[in-house]
Amino acid sequence: TDLPSYELLKTSFPKNGVGLITLNRPKALNALSSPLFLELNDALKRLDADKSIGAIVLTGSERAFAAGADIKEMKDITFSEAYGGDFIEMWSNMAFQIKKPVISAVNGYALGGGCELAMMADIMYCSKGATFGQPEIKLGVIPGAGGSQRLTKAIGKSKAMELILTGDNFSGTQAEQWGLAAKVFETPEECVNGALTLAEKIASYSRIAVKAGKEVVNKSQELGVREGVEFERRVFHGLFGSKDQKIGMTAFAEKKKPEWSHE
Ligand code: CAA
């Protein structure tokens, strides 16, 4: 796997089938500037296209996953520039264009756009001491990268409304209790290792089945139950046309370990 070298992020391949992206703009607590997002989207797109990769982990530093959109960059933009240029529309690539599972490993600050980026991942892990929040109200605005939608779907209307209208922070422990994060860890190191272990496990399965699994779970966020179940069944039927369905079920019947073709 060959990725270009980036200025504002680091990339590595710490486990079989796993690409790790580490946001690396320490002086600004990983504030999400446009240059940073261009690099992030480039790295995600390349990893998504790479046949050797089965899952992606996105993390920041111990101090900050990301402290939000870059306030200094956006403070002077006009309505015309924001609307005309579809400001931060490109932030949605990770949620809407990347087909491989993305796991966010959240330590330190995940505020505003940082919290929204963490929530765009398919699975979130965090450490106890992580600090989440949607503080946009304190800046005279509202969340602009999906926070009002994803936080509300994840933790319910009353709690999400309270958080978005007060700008109050919440901890990693709370994020896990409320179901926003799938797991919480004692330390940042354990959190990143936990995410990498999870990613390696996902990457060990059939890529085509994993892709279908992500697609159907995501559809549940948009469709009614009946349509969703019907959509799921069609995709399930479709997998009988894959090589890996035959490989997986034959291996079970023969008491062998499946060797996935990823096709
Ligand atoms: N944008 C730009 N720069 C930021 C930043 C941000 N979101 N967050 C931190 N920084 C910069 C600081 O300006 C500071 O830079 P200088 O050294 O040049 O002054 C540096 O990072 C370190 O930050 P602090 O000195 O403030 O560190 P701290 O430990 O005292 O405080 C913090 C940490 C509580 C996270 C504080 O930095 C903070 O409140 N940051 C802003 C959080 C925020 O409001 N985020 C929401 C942004 S709006 C948004 O994201 C919109 C959206 O929905 C898309």
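Residues numbered from 1 in each chain as written. Predicted model: local features only at pLDDT ≥ 70, side-chain atom pairs only at ≥ 80, totals over all residues. Heavy atoms only, no water.

(A) Spatial organisation of the overall build of the chain. The helix and strand inventory of the chain stands at 12 helices and 10 strands. Taken over C-alpha atoms, the radius of gyration comes to 19 Å for the chain, in line with the 18 Å a tight globule of 263 residues would show. In terms of principal-axis extent, the alpha carbons of the chain reach across some 60 × 45 × 40 Å. Within the chain, contacts between residues separated by at least 24 positions form 67% of all contacts whose residues are at least 6 apart in sequence. One finds the centroid of the 32 positive side-chain charges in the chain at a distance of 5 Å from the centroid of its 32 negative side-chain charges. (Helix = DSSP H or I, 4+ residues; strand = E, 2+ residues; numbered from the N terminus. Rg over C-alpha atoms; globule rule 2.2 N^0.38 Å. Contact = heavy atoms within 4.5 Å. Lys, Arg positive; Asp, Glu negative; His and termini not counted. Charge placed at Lys NZ, Arg CZ, Asp CG, Glu CD.)

(B) Fine view of unusual backbone geometry. The backbone phi angle of Leu29 is positive, close to 50°, even though this residue is not glycine. Here Leu29 lies in the loop between strand 2 (18-23) and helix 1 (34-49). Judged by its relative accessible area of 21%, Leu29 is partly exposed. Even without a glycine there, the phi angle at Asp86 is positive, about 50°. Along the polypeptide, Asp86 turns up in the loop between helix 3 (79-84) and helix 4 (93-96). Taking the relative accessible area as the measure of exposure, Asp86 reaches 47% and is therefore partly exposed. (Buried < 20%, exposed > 50% of the residue type's maximum accessible area, 1.4 Å probe, protein only.)

(C) View of the packing of aromatic side chains. Following the criterion strictly, the structure yields 6 aromatic pairs and no others. Between the aromatic rings of Phe37 and Trp91, the centroid separation amounts to 4.5 Å while the plane-to-plane angle is 10°, which identifies the pairing as stacked. Residue Phe37 is found in helix 1, and its partner Trp91 is found in the loop between helix 3 and helix 4; the two are separated by 54 residues along the sequence. Residue Phe37 is classed as buried on the basis of its relative accessible area of 0%. When the centroid spacing of 5.2 Å and the interplanar angle of 40° are considered together, the rings of Phe170 and Trp178 count as tilted. Look at Phe170 and you get buried, because its relative accessible area is 3%. Counting every residue linked through ring pairs, the aromatic cluster contains Phe132, Phe170 and Trp178. Between Lys219 and the ring centre of Phe231, over which it is positioned, the NZ or CZ distance is 5.1 Å. (Phe/Tyr/Trp six-rings, centres within 6.5 Å; stacked < 30°, edge-to-face > 60°. Lys NZ or Arg CZ within 6 Å of the ring centre and 35° of its normal.)

(D) Seen up close, the confidence of the model for the chain. Within the chain, residue pLDDT values average 97, and 100% of them lie at 70 or more. Across the predicted assembly, pTM comes out at 0.97 and ipTM at 0.98. (pLDDT = per-residue confidence, 0-100.)

(E) Representation of the side chain of Asp50 within the structure. For Asp50, the location among the structural elements is in the loop between helix 1 and strand 3 (55-59). Apart from the residues within four sequence positions on either side, Asp50 is in contact with Thr1 and Lys100.

(F) Fine view of the site of the ligand. Close to the ligand lie 24 residues; Arg63, Lys72, Gly113, Glu116 and Glu136 are nearest. In this structure, an oxygen atom belonging to the ligand sits 2.8 Å away from a side-chain N or O atom of Arg63. In the model, an oxygen atom of the ligand is placed 2.7 Å from a nitrogen or oxygen of the Gly113 main chain. For the ligand, whose unbound accessible area comes to 990 Å², protein coverage reaches 65%. Looking at the shell around the ligand, the elements that each hand over two or more residues are helix 2 (71-74), strand 6 (109-111) and helix 5 (113-120). Ranked by residues supplied to the shell around the ligand, first place goes to helix 2 with 3 residues. Residue classes in the shell around the ligand are distributed as 14 nonpolar, 4 polar and 6 charged. (Near = heavy atom within 4 Å. Polar contact = N/O pair within 3.5 Å; in protein donor to acceptor, adjacent residues only side chain to side chain. Areas by Shrake-Rupley, 256 points an atom, 1.4 Å probe, with all protein chains shown as cover. Nonpolar A, V, L, I, M, F, W, Y, C, P; charged D, E, K, R; others polar.)

(G) Focus on the environment of Tyr205. Counting through the fold element by element, Tyr205 comes out in the loop between helix 9 (188-203) and helix 10 (207-219). In sequence terms Tyr205 and Glu222 are 17 residues apart; their C-alpha atoms lie 26 Å from each other. Excluding its chain neighbours within four sequence positions, the residues that come into contact with Tyr205 are Val210, Trp260 and His262.

(H) Representation of the pattern of salt bridges in the model. Counting across every chain of the model gives 8 salt bridges. Asp76 is the partner of Lys75 in a salt bridge, and the nearest nitrogen-oxygen pair spans 3.1 Å. Per residue, the accessibility class of Lys75 equals that of Asp76, and both read exposed. Across the pair Lys256 and Glu254 runs a salt bridge whose closest N-O atoms are separated by 3.2 Å. (Salt bridge = Lys/Arg side-chain N within 4 Å of Asp/Glu carboxyl O.)

(I) Here's a closer look at helix 6 (residues 147-155). Here helix 6 has its buried residues at Gly147, Leu151 and Ile155. Buried residues of helix 6, viewed axially, fall in a sector of 20°; they line one side. Opposite the buried face of helix 6, by more than 90 degrees, sit the exposed residues Gln149 and Lys153. For helix 6, the elements touching its buried residues are helix 5, helix 7 (157-166) and strand 9 (169-171). Count one or two residues on from helix 6 and you reach Gly156, which has phi positive near 95°. (Arc of directions from axis to C-beta.)

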